[in-house]
Structure formats: structure tokens, C-alpha cells
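Each chain, letter by letter, is given below.
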2 protein chains.
Amino acid sequence: MRYLLKTLLISISLIIGFSGYGQKTLNLKDFDIQKYKDVTPIVVKALKKCKEEGVSKLVFPKGTYHFYPTFAPEKYCEITNNDNGLKRTAFPIIDFNDFVIDGNGSDFIFHGKMIPFIIEESKNITVTNLSIDWKTPFVIEGLVVAIDSKSETFDIKVETPYVVKFNRLYLSLEREDSPYEQRYGKRFATWEHYNLEVGQNIFWDPKTMAPLYNTKQYSMPEIGVKAKELEKGLIRISTKMKKLPPIGSVMVSKGEYLQNRTSPAFRVFKSKDLEFKNVNVHHAGAMGLIAERSENITLNSFNVVLKKGSKRMITTTADATHFCNVKGTVTIKNCIFENMLDDATNIHGTYVRVNKIINDYTLAIETYHPHQNGYLFGEKGDIVQIIDQKNLLPTTQPMILKKVERINEKISYITFNKPITNKVNIYDGVENISWHASAVLENNIVRNNRARSFLISTPRKVVVRKNHLSSQMATFRITGDLGLWNESGPCDDLLIEDNLIEDSVYGGNRPQSIFLIDPQYRDKNDFKGKYSRKITIRNNTIKTFDSSILLAMSVDELIFENNKIIQTDTYKPIFPHIENVRIINCNNAIIQGNTYQRLDGRKGSILIDKKTTNIKVSKRSAFEDVSSK
Amino acid sequence: MRYLLKTLLISISLIIGFSGYGQKTLNLKDFDIQKYKDVTPIVVKALKKCKEEGVSKLVFPKGTYHFYPTFAPEKYCEITNNDNGLKRTAFPIIDFNDFVIDGNGSDFIFHGKMIPFIIEESKNITVTNLSIDWKTPFVIEGLVVAIDSKSETFDIKVETPYVVKFNRLYLSLEREDSPYEQRYGKRFATWEHYNLEVGQNIFWDPKTMAPLYNTKQYSMPEIGVKAKELEKGLIRISTKMKKLPPIGSVMVSKGEYLQNRTSPAFRVFKSKDLEFKNVNVHHAGAMGLIAERSENITLNSFNVVLKKGSKRMITTTADATHFCNVKGTVTIKNCIFENMLDDATNIHGTYVRVNKIINDYTLAIETYHPHQNGYLFGEKGDIVQIIDQKNLLPTTQPMILKKVERINEKISYITFNKPITNKVNIYDGVENISWHASAVLENNIVRNNRARSFLISTPRKVVVRKNHLSSQMATFRITGDLGLWNESGPCDDLLIEDNLIEDSVYGGNRPQSIFLIDPQYRDKNDFKGKYSRKITIRNNTIKTFDSSILLAMSVDELIFENNKIIQTDTYKPIFPHIENVRIINCNNAIIQGNTYQRLDGRKGSILIDKKTTNIKVSKRSAFEDVSSK
């Protein structure tokens, strides 16, 4: 091995090939990469060489490669909506330009806590033709083989690594291989967060390969679930639940909160013009791709999918993809997103909150959710505005950030070019309007995931077209809040058309709807103004078993037209008494040309609240106005 | 408040006074520091000014000051033997020279997770006349008010902040004050490690203010202790213990391992010529002072002591002081160290371990214990040697580090100036012999702490003189290991004289001894060579209830003479059958002129093993040779 490394160092400078018009290519075949058990150091060295010598393409010979964290470089990363920390990576794509990584159809298998790709401060990068998987999953999966309603216990059969101790069940992550690990690693695994107590549990149905219908009734506490190992691989769980899970269902847990989003597959930060093409993410211990403070990102056949024959139920333990503080255009096309423990995508900004008013020009702002510690809200030159905490509306004109001074991972001081005197209160939000993305989401499939298909919160033009969507909660959520997550901003040109939506909202959570447009006001009975504008939902085919199809709150210019809605009998409705369409505090709304085939043969219902103005519901509407009832 | 800040900014540049011969002084009185609820930002700004304007002294008007973390700057710190992480600080003394901080007798009260002083890359720094305390302690203290041996439970009365949930007891740390905290902080406190599950428990005796006699028999598991809140402040604990704690004792817990050493009072790194004088550390959520990779440190009346009238039982949750990878001279004089949850001091280096042999000149080395993640073992130019994992002896001559490349917090590549071919095996240690300290420990008091008084592992000259020592485990531990902690190096000129030692080793742990000189061999029955040299223990007065006084293993040139030993009846001996003096594998040993007053009137016993050579036990020895028995 040491001679191989030596040889590598000598030969690496000789074997950079030229392909095409002066583009240098480095093929890892020439480094005998296939001979190594752990290819991390080889790839890291190759990348260094690529950068130093201006190589524009790194190619893998087709094969299966294992990446271990032991010799991986690391970086302290603050990753919004994921867990911060010192992260090991095999692909430190930091400060690269005009660079292609071509896996040539290879399978990349990762071991332990790693972020396969960290892409930062880079431009014009393509990652293509590879798949990402982990040897040991970041979830525990246990088949329910027995239940006992008398003792309120159920038994699970577990094939994924686990530990039972202290009367608790822990999923057990793979640790790096080192002398320390071999001798002492297991002793500290719990405190080092490699044994994660089961928490954030959910039950899956192997027949549908999706979360159980009415999942919510099987909720378990996040800490304190009692466990006893009956025999190797057979564990008795004892806990308080509304309803015991059915035999044959699968208990899934990703472990402790704030420890179960350590390892996204792709971390993108401060980068521009990126393409991910023909990439399969079979698993990740966080999101599939999280892009932050970046510009122009294209996912083309970037699939978050189960590996065939893997027997696993879960792909990513969080969202398949997620874009925060991104500008330019996000393009997602020809992708399949399945079996995630969270949404297919979420495109949004993040409001920061006013912690303190320092003077007429300067605020101390804080990031709010622990998953936003260290969040880079803005930089000098960005255009921002203050958002009223009650009505979620701007209280200022757009202003320019003159100065941003980070104090710590929670607090920054930001200074504006204009005075904010009397325009701001403690707890108000600040929105960065420079960093919102346009988006095209086309020809994608979403299925069998916990949570939503698409969350879209951006005032730039967004088109969602020809997707086939089925998710456990709302298919679309269009929201914004100055609560816990502080997701900005409002939509202001959103077209949702020609999609096929099949049996979403089966999780039993509320409030849900196929189209859930619900800015989260502090007081649901006392707010004013419109949050979003120009939302058009047309020509979609919506097959759904439950009642709620559209909840639109505080939209100016809403069009809901020519949708073909068919009630299915896939499941029994969970919320049968909710009106099919609810229009709350909207203005300039048009509801027309929709059809609705209800199982009971009756017309659909539409509720229009008193705050709504200038609404046109066509006479031949599929929906009968029930507002007065 | 905002106007005060503004005024401060203007005035700060005007009011730098001159005292003495051109030395600039900045007195915080002129900033109305006494008016602020949270002085952290004021102090941080003042320090910035001091650096920019070459101020050499920062003075506090005498008073009580509160330091909050909310607006504190932060730094990612890797602190050996403590917990790494992003650390907030009020005194970022980074890159300072010739600087004095004079508290003028002030009390500094810290809130939440902070490191009061981070001193890095600085030279000639004095910190004086101040005390450090925390509003909310990093421990839970619960008075045992009832026990029930039938149900194996006991009840504790708790006045420190706590939470009972999930049938567990958590100590509750103070969180920063912010809108987020007010609204959501408590919801995530457990996952954010502000609620720490009781673990690392120990029972204290309020009568002696020290750990209970034979503490070990009251050991509790580190996780999984069941708890039920009977009424506010009264908690029933149910767990497996060898013996239930006595009524009137106090259960102390610092919470989960790897989360209970976040907040030392002083972090010192890469600094030189430091003095800490008239400083009281009343509490800290880790060590009182941890100095690393630094040179010449003097503690003069640096006291880790309970605050009078505080009702607390615990000062620091780890060692009072700790010096690792320090060179020059460590001087500790006129200090009191009491009621720590760990040692009074530990002066040592840390062996790194060979993870992989890269080539004839280069090794991949790893740090071992999780508390050594990111440990800076050495830099280019340091002199090091390889240590055999079995016998703990050098296998090479001293070599120069030509290159050090950090790969991640565990692994570095180090390159030597000479080949190491055939001189090294995987798992061997590497010792940095450039960074060992001389030390003078004089006129100090150690009492009522868990664990040891002094751990000394350095080959430079050390004198320990005129101290008054009483600790729960060994008074002195002189060791070294290539096990879990990897503490280096051997002693090679240690003089322990004129100390008064009173009733140590009452914890019931083994192996203990007043003087415990025990290199930790992998195989206790198969080793060779001498680990340490030139250890002289003389003219000490040793009052001890238990049997073991000296265990000396693998010492060349051991002198144990003119010590006055008196057996007390303070406690019943825990290990009465251990020989009073045990000499194992020593050479050139002299045992003479000691007196030993045993309660049974008999002579003391000395055991000399067969490996020991050239030993002289004076004929009028206090100890009868029992080796043949």
C-alpha cells in the first residue's frame, strides 16, 4: 500500500491526459484506483492535482468504490437545515472552476459520517454518472412481527445495526476504522453520537413502500421509548402510542434530533452554475442535496431512489433536495425522488429575526432554528427589507446592506443604507430579496416520502410542470413564517400546470391540502394584507381520496382552473368534512373550468371567507359555495 | 442602551489614561461599565481598542459584572482534555502582547456555556484580582432525604435547576437570552445539550465537604437512571447500585460524558509567559485552567475554591488546572484547589499513536481519546521519538519533525528527518520531547476533590514542596500509558519533599496509593525496562488511614527517605492487606530513614519484586520485607 501511494505521487503528474480541445482530463484508472480498499485519499490527492494543474475533468473507471472517513479531510461546515460540525469529505470541491467529475456509471459507497461532496466557492461544476450510497444506513428499520395491546408493546425484527442498552434502542452508525475505534470506539459510541437513540419515528408500509396511511396515529415519543432485546435481532418496544402499529409494518427511526442530519450527500455553498446529471443518491444521513447562497443549479436526472434489491425502505433521512438563499434559476427535471423522510424539494429564503435595535441604521439580528445556526443571511450589497412579525408584510422599502458583522453563530449586526427609525420592532423579520431563485420543476416523479412534494417560497418566476406527485402530506406547500423555521419569502409568479397528483395527504397531519397555501400568521384570526401574488394552478389531474384540495390564504391573483379532480377510494377520507376548496383573504381570484368526480356523486364544496374580495367562481364550477352554511 | 453604546464608541478613544512610565491604561469605569446588565460586548470592544491602540492594561472598577453569551464572539476551539466546539468568550485574548487585565477585586459572573478567557497566540499576559463564577452551575446537587432499600430507590431534594422528563433526570443549564430562547429554547434544550441527563454521578458528604468515604460503592450507571418528580424539588431516583447512598449525602452529577467539559474558565493555547495572580475560580463547566502548547505559566494564588456562603459543593467539573504539551516552567504556588470533580493538576504530554506507516520517513498518527480530537501534537522542528507500545520505551533516537500535515481532527501525517524503517509498529506511540515542562508546585492546598492531587508526567525537573494535600484517590500519580489517555512522558527528575499529606485514597478505587508510580503496561506481567528516573520522595508527613503508601514501578533511582508516616483512624482501611510499600521492577532504590506509626503497633511492610535490582532498604527501616511471604 505504501508503495502504491509513492508510485501514485510520482505518476500522478505524468498521466494527465488531453481529450478534446485542450481540455485536460485525469483518469483515475491510471492510478489503479480500483485496487484500493479506501479510495478517499486517492481522490483527495487527485483533486488537489486537478486544481494545481488546471485539469478540467476527473474521470472514474466504471466500478464500485468505497470511501472511508479515516483519511478524509474535514471542514467545519454550517449547513442550513442540516447539522453543523466538522465534516469529513471525499470530494472537497472548494474553489474550483470549470470542472467535471464523471463517475462513468460507478457506485460510490460511503462509510460512516461523511459528506461525499462539499462544493464551495466554485463555478461551472458538473457532477455526473455516479451513484451515492452508504454501507450502513442512518436509519433503523424494524419489521413489526407481533403486537400486544394489553401490555402496549410490539416486537420488531431488525436487520440494520442496532444496540439495546439502558432499556433503550439505539441505531448504530458505522465508525471509522482506526486503532482507537477497534479498542475503545464502542465504549464511547453513545456519547460520540454513533449510537443514536430511536427518535423521530415513523411507520412504513412495505406493501406500498410508503408511510402508513394515517401515519400520525402511530406517533411515538422522541425520547424514552423502552426497549428489550428478546433475542438477537428481535426487540420488544414499549411506549405510549395512540394506536399500536400493524403487524407487517416497518418502524423507521433516524435517531436523535439535531444528530440525524449530519451527512447530506451534496453540500453546495457560495457556488454558481452547477449541474448534477445522472446522479443517483440511494441514501444519505441528511438531505440529498442542500444548496445555499448559490446561483443557477440544474438537476437533470438527479434521482433520490432506493437501490434495487437493497431491501431498504428509506433513501435520505431529510429532504431529497433543498435550496435556501439561492438565486438565478433552480432547474429540476427528469428526476425521481422517493422514500425520503422529508420533502422532495424546498426552495426558500430564511428570514432572520430582530434581536435588538442598535441604532437608526443597525440591527442585531438572530437566526432562529438550531438548524440555522451560522446561517449566512446576507452580505454587503444585498437588498433586504424588514418584515412585520404580525402580518408578514414589508414595513420598509428595499434597502441595501452596507455592513454585515457576524458576532457568533446566532447573532450578526447588519447596517442599512437608510434609517429604519420607527419601522422595526424586536422579533420582526428581515428578508433578503437579492437571494431568491426562479425555478423550473419539470417532468419529475415524487413518491412514497414522508412530508411534502414541493415547498416553494420565492417571489421569482416558478414553473412546475408535468410532474407525477404523491407524498404523505401536502403535495404543494406555499408558505412563509416568522415562527420557528422563518422561511421566506412569498411567491409572486408561480405556475403549477399539467401535473398528475395521486393520493397525497394520507399522513393524517393537519392542516393539509393538495395545494396548501398558508402563510403562518401569529394570530390566525387577526391579520391583514396579501402574502403571495400570482399563483396559477391549471390543467392538473388530481386523484385524491380525501377532501381538502386547495387551501389558499392571502393570495392576490389566484387562478385555479381547468383541473381534473377525481376522488379515489384508495383510502378512507381522514378529514372528510373539510371543504374541498377554501379561499381565505384572497383578492382577484378565479376558480373556473375544473371538474370533480366525487365518489358520492355530489358537487364539490368551496368556502370563501369574508375577507376575500373580487373572486370569480364560474357558474359551471365543480364547487358549490358553502360559505353561508 | 443604544445611546450608551453610541457614546461608548465615541468616548472609548478619548479616555485611555496614562499611568506610570508610558504604559497606557484603559479603565472601564469611564465606560460606565457598572450600568450594563451584560458587560460582554463592552469588554469585547474595550479589548479590541486595547489591541488597536497598544493599551497595556485593562482595569475594572471593583464590582460585580455579569457576562452573557448572547453577544459574545466565538471561536471553534479544540481543547485537549475538554470538549471541543464553537466557544463563546468574553475575553478573546488572541494575539496580545504585554497586557494586564486587572479586575481590582471584582466578581465576574458568567451565564450559560462560555469560556470566560480564551488566551491564544499571546505573550506576557497577566490576569489578576478577579473571581469567576457562574450563575447556574454545570452540576446538579441533590440532598438525599430518604432511601428505600426494598424498592432500591432514594429521594433527593434539588435546589439547582433540573428537569424530569422521559422518566429521566436532567440538570438544566442556563441558556442565552434571545427571542428564540424565550419562545422555543426549552423545546430543544435536551437536543441542544442544555438539559444533560444525569451521568458521571458521585456522592458527596456535606459534613466533610468531600466525596463520601469509599465513594466507589455508590457508583451509578452513566445513562438510564430512572427518575420521578414527587413534588417540585423532590425527586425519586431508581437505579442499580452496590449500596444506596446514606441520608444526608449529596448526589452530584455533571451530566452526559463529552458534554460536561464545555466551559473551562481559562483556555490557554500557543502562548508564553503568563501569570495568573489572585484569581478565584468558584466554578467552571470543565477545568479551571487548561494550558496547551504554551510556555512558562505561573499561577500564584490562583484558587479554585467554593464561594463563601454559596451552599455549593462543587467548584470545577473537571481538573482545577491542567498543562499539556507545555514547556518552560509551570509554577503553581500559594494556591488552594478544593472540591473539584477531578484532579488539582496534571502536567503531561500526550503520545499520539501510529495509525499507518506511510513510508520510511512518514507516519500517519492519530489522537486517541475523544477529548484529544484536534490535539496539536507537534509542529515542524519539534524533537520527537517513537515509543514501543509494549514497554513504553523509545525505539528510536530523538528525531526532528520535518513536516506535519493535519488531515483531520484524528489523523495527521508526520515526517521525520531520519528513517524509521523497522523501528516502528502500528499502535506504537510518538512522544514530543520538545514540549515537556519543568514545574515548581509549592505551598498549595488541595482538598475535598474527587480524584488525585497531582499527576506529573514530564522528564524535566519538577519540585513539589510544602503542599498540604488531601484527595480522594492517590495524592500523587506518576504514570504514562499507551492505552486510552496516552499521557506522556516519564518523569526524570522529580523531587517531592516537605509536604503534609492527610487522608487521601478514601475513594475505594484501585489501584491507589499515596504515591502511585505505575506506568500502565499493556501486559502487567510481561514488560521490561525502566519507565521513569530519579524520583525522590523525602521529608514528607503522611497521615493516612489505609495501607498503601507507595507503589513504585519501573523507576531507576528511587529514593524514599525520612518520611514521617502516621496511620490515622479517620476511616476504616479499605484495602488493609496491600503492602505499605511495593517496589516493582525498580533499580537503584533507597528506602531509608522513614518512620511509620501504625495503629496496630506493628512494623510496616515492604514488597520488593524479583525484577528489582540494587535496592537498599535501611536496617532500621520502618518497613519489614515481606517479599518472600
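**Side note on the pattern of salt bridges**
- Across all of its chains, the model carries 67 salt bridges over all chains by this definition.
- With its nearest N and O atoms 2.7 Å apart, the salt bridge here joins A:Asp155 to A:Arg236. With A:Asp155 in strand S11 (residues 153-158) and A:Arg236 in strand S18 (residues 234-238), this pair connects stretches of sequence that are 81 residues apart.
- In this structure, the salt-bridge partner of B:Glu497 is B:Arg538, at a minimum N-O distance of 2.8 Å. Linking B:Glu497 in strand S41 (residues 494-497) with B:Arg538 in strand S44 (residues 532-538), this pair joins segments that are 41 residues apart in sequence.
- Since its relative accessible area comes to 8%, B:Glu497 is described here as buried.
- Residue classification places B:Arg538 among the partly exposed residues on the basis of a relative accessible area of 28%.

**Quick look at the sheet that holds strand S28 (residues 352-357) of chain A**
Residues and elements named next belong to chain A.
- Strand order in the closed barrel made by the six strands is S28-S29-S32-S31-S30-S33, with antiparallel pairing throughout. Within this sheet the neighbouring strands show an average axis-to-axis angle of 45 degrees, counted without direction.
- As paired strands, strand S30 (residues 383-387) and strand S33 (residues 429-432) are joined by four bridges and run antiparallel to one another. Residue pairing for S33: Gln 385 is matched across the bridge by Glu 431.

**With respect to the relation of the copies chain B and chain A**
- In the superposition of chain B on chain A (RMSD 0.0 Å, axial shift 0.0 Å), the rotation amounts to 180 degrees. Seen this way, the second copy is the image of the first under a two-fold rotation axis.
- Both copies present the same face, since 100% of the interface residues in chain B are matched by interface residues at the equivalent positions in chain A.

**Examining the pairing of strand S33 (residues 429-432) of chain B**
All names here are of chain B.
- Residues Gly 429 and Glu 431 point to one face of S33 and Val 430 and Asn 432 to the other, with burial holding for every one of them.
- The pairing of strand S28 (residues 352-357) with S33 spans two bridges and is classified as antiparallel. Opposite Arg 353, over in S33, you have Gly 429 as the bridge partner.

**Topic: the interface of chain B and chain A**
- Taken residue by residue, the interface counts 61 residues in chain B and 61 residues in chain A.
- A buried area of about 5,300 Å², summed over both sides, lies between chain B and chain A, and 60% of it is on carbon and sulfur atoms.
- Sorting the residues of chain B by area buried against chain A places B:Phe71, B:Trp191 and B:Ile223 first, and these three jointly supply 14% of that buried surface.
- Taken together, the connections running from chain B to chain A amount to two salt bridges.
- Across the pair A:Arg406 and B:Glu74 runs a salt bridge whose closest N-O atoms are separated by 2.7 Å.
- Only helix H1 (2-11), strand S5 (74-77), strand S6 (85-94), strand S13 (168-172), helix H3 (179-188), S28, strand S29 (362-366) and strand S32 (411-416) of chain B provide two or more residues apiece to the side of chain B that touches chain A.
- With seven residues, the single largest contributor to the side of chain B that touches chain A is H3(B).
- In terms of residue class, the side of chain B that touches chain A is made up of 30 nonpolar, 13 polar and 18 charged.

**A word on the confidence of the model for chain A**
- Taken residue by residue, chain A gives an average pLDDT of 95. The fraction at 70 or more is 97%.
- Long-range and interchain partners of residues 1-14 of chain A, a stretch whose pLDDT sits below 50, account for 20 contacts in this model, where long-range means more than four residues apart.

**Focus: the environment of B:Arg450**
All names here are of chain B.
- Its place among the elements puts Arg 450 in the loop between strand S35 (445-449) and strand S36 (454-456).
- Looking at Arg 450, the relative accessible area reads 24%, which means it is partly exposed.
- As a C-alpha pair, Arg 450 and Met 473 span 23 residues in sequence and 7.1 Å in three-dimensional space.
- Setting aside residues no more than four positions away along its own chain, Arg 450 makes contact with Ile 202, Trp 204, Pro 211, Met 340, Leu 341, Asp 342, Asp 343, Gln 472 and Met 473.
- Side-chain polar atoms of Arg 450 contact the backbone oxygen of Leu 341, separated by 2.7 Å.

**Considering H3(B)**
- Among the residues making up H3(B), those that are buried are B:Pro179, B:Tyr180, B:Glu181, B:Tyr184, B:Gly185 and B:Phe188. Buried residues of H3(B) fall within an arc of 130 degrees about the axis and therefore sit on the same side. Of the residues in H3(B), the exposed ones pointing more than 90 degrees away from the buried face are B:Gln182 and B:Lys186.
- On the buried face of H3(B), the contacting elements are S28 and strand S29 (362-366) of chain A.

**Remarks on the domain arrangement of chain A**
All names here are of chain A.
- Here chain A is described as being made up of domain 1 (2-137 + 264-338), domain 2 (140-253), domain 3 (350-432) and domain 4 (468-625).
- The C-alpha centroid of domain 4 is placed 36 Å from the C-alpha centroid of domain 2.
- Tallying the contact residues gives nine residues for domain 2 and ten residues for domain 4.
- Where domain 2 abuts domain 4, roughly 660 Å² becomes buried across the two surfaces, and 56% of that area is made up of carbon and sulfur atoms.
- Ranking the residues of domain 2 by area buried against domain 4 places Tyr 213, Asn 214 and Lys 216 at the top, with a combined share of 67%.
- If you look at where domain 2 meets domain 4, you find zero salt bridges.
- At the boundary of domain 2 with domain 4, the tally comes to five residue pairs in polar contact (both at pLDDT 80 or more).

Analysis parameters
Residues numbered from 1 in each chain as written. Chains lettered and ligands numbered in written order. Predicted model: local features only at pLDDT ≥ 70, side-chain atom pairs only at ≥ 80, totals over all residues. Heavy atoms only, no water. Salt bridge = Lys/Arg side-chain N within 4 Å of Asp/Glu carboxyl O. Helix = DSSP H or I, 4+ residues; strand = E, 2+ residues; numbered from the N terminus. Buried < 20%, exposed > 50% of the residue type's maximum accessible area, 1.4 Å probe, protein only. Pairing = 2+ DSSP bridges. Axes fitted to C-alpha atoms, helices over the stretch in contact; angles between N-to-C directions. Least-squares fit on C-alpha atoms with pLDDT ≥ 70 in both. Contact = heavy atoms within 4.5 Å. Buried area = accessible area lost by both parts, 1.4 Å probe. Nonpolar A, V, L, I, M, F, W, Y, C, P; charged D, E, K, R; others polar. pLDDT = per-residue confidence, 0-100. Polar contact = N/O pair within 3.5 Å; in protein donor to acceptor, adjacent residues only side chain to side chain. Arc of directions from axis to C-beta. Domains from an automatic or database assignment.

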